[in-house]
Amino acid sequence: MIDDIIKTVTGGLDGLVDELLKSATGKVKEKISEAFAISKLKSFKENIERIGQVKTILNPDSIVNLNEIFFNEAVLFDGEQIKSFSQFGSKQVLVEGGPGQGKSLYLRKLCISEGTGNSFIPIFIEFRNLKYQKKLKEELMEAIEDLGVKLDNSLFDFLAKSEKIILFLDGFDEVPNSERAQVARELETIVRTYPGLSIVVSSRPDSGMGSSFYFEKRKISPMLLDTQKNFVNYLYKTDKQSESINSILSNSIFISEVTTTPLLLTLFTITYNARQFKPDSLAEFYSLIFPTMLYRHDRMKIGFERERKAGLTDYQMQRLFDSLSFLSLNDNNTRFSTFLFQSYLEKAATLERLPENIEDLLIEDITNITALIVRDGFDEFSFTHKSIQEYFASVFISRLSEDRKIGFYDLVINDFNAFRKWQNTLAFLDTIDERNYIKYFLIPYKKKALCLDEKSKININYSSLMKLIGSDSKVRVDETGDIKDIYWGDTLSSVLYVNYSEFAKNSIRNYLVNKKSIIAEFLSYCDVSDYIEFQNLDGDFVILLDKLIRESKIQKEVSKYLSMEFEKSTFKSEVLDMETELCISDRATDSILPF
């Protein structure tokens, strides 16, 4: 079926290029003829075809056609299947989904699908493959050149305004943390410059695009039980294979509440078929993945055990994989070259006191036996999924000395970019390193967020207020100061402890509603250039909240207001009680242990 689709897609490209040529004049027309010459168009078509060729964790040894394995019901938006771009009803869309919800495969599927309508030239680009050495527009042009079509500024400008191309930009959350705010701003600049340019961006939630009002946000829904069972039936064509798994899903509330994503449900089917074991926690669920994948292929062949080139035991292999996961995630790399892979393995072997010079053998063992890291191109490797890397990195951290754990937890509390890198890893540490997570991360974080002083009084300063609501948050108002909407930025609180964030946001909203005259005065006396910049297409004004508060000189007032609101809540007593309970537990441990 994929061949038919690709044939239709590439046939449509020829017609679209003809339309572009007819609408162009002068040098731009010449550039289109050169950029989409027959040989280059052929290369571009081949690259479109590759978008639909993927590897899956269920069949990691082979490349499969996306249309043959994609299960449409797995990706729903408020119960709705969206199979074409026009169903979104917006030119610029942000598709948000948690780990393993199928964002990347969905974008690939949508890209292939859009070509069949003969309305767009579809372009699929992964953020992780950009270099971040130039402006985003230039980086995108270089990525398009890698697909076979060379563009300069004038040609990009023409194509973007033609409304004949659509950009599928996958994995905004994989933009390096230090570059993410700048990339988000440049993405908005592109949208402002080319409002007719169709763009679909995929990302994990709270990754830096939350405050953008240029993109309509659509969230992928968790899979409900009926969808999960249909998914299992789709994976396993025979009744016997799916019956036992679906029976567990129906009878185990914990399992069905965990397996709400295609990735986790697929991993559960693999681990259950291999071990007939039902985990009791998400961390236990992930802990089964490595040993299961280590012997998965061997168990399919009676009496056969795959030879390990490096000669490591199961225990050594898993510890090495923990270290490898930590080192690569620390560099923000889920995909890396052979040279970098070797470098990570050399360091991991040193950390785990393993023999030297076995990196090449380890690459063979990890890729051929576990399939948790797979070949991804000529000289590249990648983790089957980022959440696998994040879990095993958390296992490595849980094995560190207490002093080093204190250093790690302190880092993610005080550095938002570090937190973004490790946020999903922290979710695992909550379970597998519970005591240290609570003592060195959760309690200090909550006390810092509330700005508790030595007398345990809440005294939130303006800097802490911005960390709770997002320094890039924006408020949409009319000329009289009436609030129409607020576009909240992404913060540590909005990911880690939603109740803090939501309470702060609701409080600030209520505060601003009563500051209508101040907002109207701000608009009246702001610079003409600012006034024009604030104006929105619908006649309203969109103002950076931080700018509004600072220039209205109400930082102390709003901070005091938020402190008083938090004092009225139960948040302070909750964190103090948590600290007391931990102290009691530590004293009990000291009294019981003889050392």
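Heads up: the structure comes first, above all this text.
Residues numbered from 1 in each chain as written. Predicted model: local features only at pLDDT ≥ 70, side-chain atom pairs only at ≥ 80, totals over all residues. Heavy atoms only, no water.

A. Focus on the packing of helix α19 (residues 402-414) against helix α20 (residues 416-432). It is at 8 Å that the axes of α19 and α20 come closest, and there the two elements cross at 125°. In terms of axis orientation, α19 runs oblique to α20. For the pair α19 and α20, the sense of crossing is left-handed. Between α19 and α20, the residues in contact are Phe 408, Tyr 409, Leu 411, Val 412 and Asn 414 and Phe 416, Ala 418, Phe 419, Trp 422, Leu 426 and Leu 429, respectively. Its residues assigned to classes, the contact of α19 with α20 shows ten nonpolar, one polar and no charged. (Axes fitted to C-alpha atoms, helices over the stretch in contact; angles between N-to-C directions. Helix = DSSP H or I, 4+ residues; strand = E, 2+ residues; numbered from the N terminus. Parallel < 35°, antiparallel > 145°, perpendicular 65-115°, else oblique. Left-handed = near helix turned anticlockwise from the far one by under 90°. Contact = heavy atoms within 4.5 Å. Nonpolar A, V, L, I, M, F, W, Y, C, P; charged D, E, K, R; others polar.)

B. Up close: helix α6 (residues 136-146). Listed as buried for α6 are Leu 136, Glu 139, Leu 140, Met 141, Ala 143 and Ile 144. Looking at the packing, one finds that the buried side of α6 touches β4 (121-126), α7 (153-162), β5 (165-170) and α8 (177-193). In the stretch just after α6, Gly 148 is the one whose phi turns positive, near 120°. (Buried < 20%, exposed > 50% of the residue type's maximum accessible area, 1.4 Å probe, protein only.)

C. Region of the structure containing the pairing of strand β6 (residues 198-203). Most of β6 is tucked away, with six of its six residues classed as buried. Here β6 shows no split at all, with Ser 198, Val 200 and Ser 202 on one side and Ile 199, Val 201 and Ser 203 on the other all buried. Direction of pairing for strand β3 (residues 92-96) relative to β6: parallel, over a ladder of five bridges. Pairing of Glu 96 across the sheet is with Ser 203, part of β6. Inspection of the sheet shows β5 paired to β6 by four bridges, in the parallel sense. Looking at β6, one finds that Ile 166 is bridged to Ser 198. Between the parallel elements β5 and β6, the chain passes through α8 in a crossover that is right-handed. (Pairing = 2+ DSSP bridges. Right-handed = clockwise from strand over helix to strand, strands pointing away.)

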